[in-house]
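Residue-level listing of the chains:
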Amino acid sequence: MKKSLLALAVLGAFAGAASAQSSLTVFGIVDLSVNSVKNGSITQKSMGSNQLNSNRLGFRGTEDLGGGMSAGFWIEGGMSNDDGTPGGLNFQRRSTVSLLGSFGEVRLGRDYTNTFTNVASFDAYGANGFGNFSNIYASTPAGLGSGATTAVRANNMVGYFTPGNLGGLYGSAQIAAGEGTKGNKYTGFRLGYAAGPVDVAVAMSQTDLGTADKYKVFNVGASYNLGVAKLLAQYDQRKYGALKYTSYQFSTSVPLGQGEFRASYAKGNAEGGTTSANDASLLGFEYIYNLSKRTALYTQYGRLSNKGASAIALGGVSTGSGFTSTGYGAGVRHIF
Amino acid sequence: MKKSLLALAVLGAFAGAASAQSSLTVFGIVDLSVNSVKNGSITQKSMGSNQLNSNRLGFRGTEDLGGGMSAGFWIEGGMSNDDGTPGGLNFQRRSTVSLLGSFGEVRLGRDYTNTFTNVASFDAYGANGFGNFSNIYASTPAGLGSGATTAVRANNMVGYFTPGNLGGLYGSAQIAAGEGTKGNKYTGFRLGYAAGPVDVAVAMSQTDLGTADKYKVFNVGASYNLGVAKLLAQYDQRKYGALKYTSYQFSTSVPLGQGEFRASYAKGNAEGGTTSANDASLLGFEYIYNLSKRTALYTQYGRLSNKGASAIALGGVSTGSGFTSTGYGAGVRHIF
Amino acid sequence: MKKSLLALAVLGAFAGAASAQSSLTVFGIVDLSVNSVKNGSITQKSMGSNQLNSNRLGFRGTEDLGGGMSAGFWIEGGMSNDDGTPGGLNFQRRSTVSLLGSFGEVRLGRDYTNTFTNVASFDAYGANGFGNFSNIYASTPAGLGSGATTAVRANNMVGYFTPGNLGGLYGSAQIAAGEGTKGNKYTGFRLGYAAGPVDVAVAMSQTDLGTADKYKVFNVGASYNLGVAKLLAQYDQRKYGALKYTSYQFSTSVPLGQGEFRASYAKGNAEGGTTSANDASLLGFEYIYNLSKRTALYTQYGRLSNKGASAIALGGVSTGSGFTSTGYGAGVRHIF
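Quantities reported herein were computed from a predicted structural model and do not represent experimental measurements. (Residues numbered from 1 in each chain as written. Chains lettered and ligands numbered in written order. Predicted model: local features only at pLDDT ≥ 70, side-chain atom pairs only at ≥ 80, totals over all residues. Heavy atoms only, no water.)

On to the overall build of chain A. Across its full length, chain A carries 3 helices and 17 strands. Taken over the C-alpha trace, chain A has a radius of gyration of 21 Å; the compact-globule value for 336 residues is 20 Å, and the two agree within 12%. Principal-axis analysis of the C-alpha atoms places the extent of chain A at approximately 70 × 50 × 45 Å. Per-residue burial for chain A yields a buried fraction of 54% across its 336 residues. Contacts spanning at least 24 positions in sequence make up 54% of the contacts within chain A whose residues lie at least 6 apart. Total accessible area on chain A is roughly 12,700 Å²; 58% of this is exposed by carbon and sulfur atoms. (Helix = DSSP H or I, 4+ residues; strand = E, 2+ residues; numbered from the N terminus. Rg over C-alpha atoms; globule rule 2.2 N^0.38 Å. Buried < 20%, exposed > 50% of the residue type's maximum accessible area, 1.4 Å probe, protein only. Contact = heavy atoms within 4.5 Å. Areas by Shrake-Rupley, 256 points an atom, 1.4 Å probe, with all protein chains shown as cover.)

A separate point is the relation of the copies chain A and chain B. Superposing chain A onto chain B takes a rotation of 120 degrees plus a shift of 0.0 Å along the axis, which leaves an RMSD of 0.0 Å. Both copies of the chain, as the preceding transformation shows, are related through a three-fold rotation axis. Of the residues that chain A buries at the interface, just 8% are likewise interface residues in chain B, meaning the two copies contact each other through different surfaces. (Least-squares fit on C-alpha atoms with pLDDT ≥ 70 in both.)

Our focus in this paragraph is the environment of Q237 of chain B. Residue and element names in this part refer to chain B. Positionally, Q237 belongs in strand β12 (residues 230–240). Sequence separation of Q237 and M204 is 33 residues, and the distance between their C-alpha atoms is 9.6 Å. For Q237, the residues in contact, after removing those within four places along its chain, are K216, V217, F218, K244, Y245 and T246. A polar side-chain atom of Q237 sits 3.1 Å from a polar atom in the side chain of Y235. (Polar contact = N/O pair within 3.5 Å; in protein donor to acceptor, adjacent residues only side chain to side chain.)

So, on to the interface of chain A and chain C. Accessible area lost on assembly of the parts is the figure often given for the size of an interface. At the junction of the two partners, chain A supplies 34 residues and chain C supplies 36 residues. When the two sides are added together, the surface that chain A and chain C hide from each other amounts to roughly 3,000 Å², 70% of it contributed by carbon and sulfur. Viewed at the interface, chain C and chain A are joined by 0 salt bridges. Here chain A is connected to chain C by 10 residue pairs in polar contact (both at pLDDT 80 or more). (Buried area = accessible area lost by both parts, 1.4 Å probe. Salt bridge = Lys/Arg side-chain N within 4 Å of Asp/Glu carboxyl O.)

Once that is clear, we can look at the packing of aromatic side chains. A full pass over the atoms with the stated rule returns 24 aromatic pairs over all chains. Centroid distance F27 of chain A to W74 of chain A: 5.5 Å. Interplanar angle 70 degrees. Geometry classified as edge-to-face. One end of the pair, F27 of chain A, is in strand β1 (residues 22–39); the other, W74 of chain A, is in strand β4 (residues 69–78), and 47 residues separate them in sequence. What links up through ring pairs into an aromatic cluster is the set F59 of chain A, F59 of chain B together with F59 of chain C. The side chain of R60 of chain C reaches across the aromatic face of F27 of chain C, ending 4.2 Å from its centre. When the ring centre of W74 of chain C is taken as reference, the NZ or CZ atom of R60 of chain C above it lies at 4.7 Å. (Phe/Tyr/Trp six-rings, centres within 6.5 Å; stacked < 30°, edge-to-face > 60°. Lys NZ or Arg CZ within 6 Å of the ring centre and 35° of its normal.)

What follows concerns the interface of chain A and chain B. If you look at the interface, chain A gives 36 residues, while chain B gives 34 residues. Of the roughly 3,000 Å² buried where chain A meets chain B, counting both sides, 70% is carbon and sulfur surface. Per-residue buried area on chain A facing chain B is highest for M47, R294 and H334 of chain A; these three make up 16% of the total on that side. Taken together, the connections running from chain A to chain B amount to 0 salt bridges. The tally of links between chain A and chain B comes to 10 residue pairs in polar contact (both at pLDDT 80 or more). It is β1 of chain A that provides the largest number of residues to the side of chain A that touches chain B, a total of 5 residues. Considering only residue class, the side of chain A that touches chain B consists of 17 nonpolar, 13 polar and 6 charged. (Nonpolar A, V, L, I, M, F, W, Y, C, P; charged D, E, K, R; others polar.)

Positioned with a positive phi, T85 of chain A is a non-glycine residue whose angle comes to about 55 degrees. Along the polypeptide, T85 of chain A turns up in the loop between β4 and β5 (94–101). Residue class for T85 of chain A comes out buried when judged on its relative accessible area of 6%. Look at E179 of chain C: it is not a glycine, yet its phi comes out positive at around 50 degrees.

Once their charged atoms are close, side chains differing in charge can pair, the charge on each being opposite to the other. All names here are of chain B. Per the stated rule, a full pass over the model turns up 21 salt bridges over all chains. With a closest N to O distance of 2.8 Å, R262 and E286 form a salt bridge. Here R262, found in strand β14 (residues 259–271), pairs with E286, found in strand β15 (residues 280–290); they are 24 residues apart in sequence, far enough to count as distant. Side by side, R262 and E286 carry an identical accessibility label, which is buried.

Let us now look at the confidence of the model for chain A. The predicted structure's coordinates, where accompanied by low pLDDT, should not be read in detail. Residue and element names in this part refer to chain A. Looking at chain A, the pLDDT average stands at 91 and 93% of residues meet or exceed 70. Scored below 50 in pLDDT, residues 1–20 makes 47 contacts in the model with residues more than four places away or belonging to other chains. Quick note on the complex model: pTM equals 0.93, ipTM equals 0.91. (pLDDT = per-residue confidence, 0-100.)

The next subject is the pairing of strand β1 (residues 22–39) of chain C. All names here are of chain C. Among the 18 residues that make up β1, 16 are buried, leaving the element largely enclosed by the rest of the structure. Where β1 meets strand β3 (residues 56–66), 8 bridges bridge the pair, whose relative direction is antiparallel. In the sheet register, I29 faces β3, and the bridge partner there is R56. Across 11 bridges, the pairing between β1 and strand β17 (residues 324–335) is antiparallel. (Pairing = 2+ DSSP bridges.)

All names here are of chain C. As for its placement among the helices and strands, R190 is situated in strand β9 (residues 185–195). There is no salt bridge for the buried R190, and the closest opposite charge comes from D199, which lies 5.6 Å off by N-O distance. Looking at R190, its side chain comes within polar contact range of the side chain of N118, at 2.8 Å. In this structure the side chain of R190 is engaged in a polar contact, spanning 3.4 Å, whose partner is the side chain of S121. Residue contacts for R190: discarding those within four places in its chain leaves N114, T117, N118, S121, F122, Y170, G171, S172, A201, V202 and A203. (Lys, Arg positive; Asp, Glu negative; His and termini not counted.)

Right, let's talk about the side chain of S46 of chain A for a bit. Of note, S46 of chain A is situated in strand β2 (residues 42–49). The residues contacting S46 of chain A, other than those within four sequence positions of it, are S33, V34 and N35 of chain A together with A177 and E179 of chain B.

Residue and element names in this part refer to chain B. Across 8 bridges, strand β1 (residues 22–39) lies against strand β2 (residues 42–49) in antiparallel orientation. Across the sheet, the residue bridging to V34 is M47, located in β2. Counting the residues between successive antiparallel strands, the hairpin from β1 to β2 contains 2 residues, one of them, G40, with a positive phi of roughly 60 degrees.

Right, here's the structure in full:
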């Protein structure tokens, strides 16, 4: 969905090296929706960003270095367009420089972690909206009190990504410097296989917290595209000492002419310590009507049931625990 | 003044729908001036942003969806170029996504409120510089202690704007979700008529503060273009419980070859409670010399007289109340 | 290195004036490296930004006004791409509007100060990396407790720059309004001569702190390009009351095919008050391999020896004073 809008010739070329094609792309997404979320008996109406895709503004480019090699950069920041991004534009969604060649890609900077990329890849929603899996697996109980900051992205990371010609095999490995901050030191890998209608991948990581226990994540997902529908399933497990949070999700996306229907069911199970009763389940639906490749109208619904001390809300205001959180809304997403 | 500088073809088009023209525009204004402001006996020299137009950097674009419909986005942030915008670039000037068609425009996000748009439209200066009306009507006494955050813009807003083919009639309606924050819940409309040299419009709004009293704004303005000069007049009233602030302004802009001369007189009157003596008046002049359509040199002067407890300053440092605030300066404005 | 990537025609032209070429350029640098710094016995590994060039994102443009005159703007902000610039994008690297003609350039806004520009011009590294001179001359002891904020850039500045046709002579003068803030009020000039292989320049400034003593900087530098190597030397002196910090640097850059080798030695000497023993010296090396004009791999090394109470670190974590700080690393720099 992040297609190139600008492709502009670079003036001049390196003396002695073959001249090269280059591009600079300004890109982004504005996604705004009108929502209502009810947690227990408390209802709040709101305007939301990010419900179909995450709002963003970015700049990226590649430079052909000749000899099959290229360099690239990618800086991308989030936006909350409902209130104009009062915290200001940063580039914390992604901030990288890369060298690419027949060997694959070496990427330096702030980026998604492998274990997050894997989960988002096998969720019909990606990681957005009321029904998406991250509502459960990345929620507070799943952090297990570890203080790890690497659930979605990591700073100071060196990553390696395999090239695209390995007969369907793909993979990546990442290591992030802690720089003396607890919860930042990440090591992870991802390995997958995609061919025809099949895609399956596994990812593992650990975050060094400078304590005896490390925060460990393992997940595996698979999808199969039947044509009339794509079926996705995945399993995620997080551990920190005696604590464990296990979750799984089944989801599907069904193309319907210019539209698309998505549905999902997910469940999370807490074990160990005092979190044992903190289970949660999530049911979600979404319908998207594409006005063009870039502009879509959508509506969505999610219902999250907390058990015991679990207190996951789909937004809005909540008190206590064990409540049911339901959210629905409708919006417009425009890609530029 | 926000004309399109870039217009770049988008690669690719939606399968099954008519291909479409699209554009992405990077735009902005850098306006810097050297100023001196004297409040009572205290004089301060400074470099100022925003004295002729508000400094900004923005990204906007439209996509033709076929069938007379289009989609668009607009993200725009303020800059203080005298010090490099230390708070960082956000998009709080405007942050919207729109659907447009023969029905008009539906716009979601952070945007100007109707009651602000109306006032700025009938001020020869817009809303910038030493002489501009907002120095009086949007100043502290006019807030009436209400805590409303919607004097200029509102978050979480759904707006509707009429199409351009209603025989000179134009209008808009806006509603903004409060999201549980006092002073954010805005409802307002604007209705106007423009034909030939005449333009007249009225706007009303109320902001729900979660208290018994609402913050209410009403204003009406008119302009007539004689050719040798444009004459503008307006009236603005703000109420909160027993408190009321009423102000009016007369202004004019006179084209002089490549230049333009502007002058204004405004007066504000406080009633109710302890603010009764807080009147203020403002006299302003401005001369603009256009080096091109985009680049201008300008000089301006404003003199604001406070009465009683009124303590409005045109900048700089001030103490006490009832003082006279005079400001003058000269600057360069460059639109890109 | 800041060459134009985009050059786009502006639509429309000023009525009555000659139409004009204009450009808007989006530009930047992403430079990331893997580093190790050891201060005394404490070693820290990290990912760093800015080690070869300062990371940045900017927008700049010029407008031809006809008659040999033009207008321009330049807004440029720093980025820390190792962590995605959590503080957000601002334009504190440079934020200016200019008028240019046969008379030279008048520039308003936030910009480099003359005394900084001069020092960076005669350092083979510019002002980046483990070996660069600013590690010594701009470090804490060199600030002399003055609180001046003008060591590198100043807000609220009006600058004048000579045109390029003065037979090798070049110069600039700058004055910055204090706006009531101590340490902001800057006055400075720079005067130089460049012809063939020779470049020599001097700069002086004083910052008015609202106290009896002013913070005064003087520096002078020279370079000679032998072809096989460029030799650079400079001297910098800073005074605040009885305190004085004097430093000098010798550096060289040697082109080696597609690569370049740089080396330097610098020394700083503190006098007056309790800072007398705070001397420091710095040895640096750097090798750059250019994959293209825009993309380079590099490695660098610096060794800074503190004496007495001097406690300058090349990064990482340090305690106490008088330690030796050594840093080395390797990285990728990509200009867009």
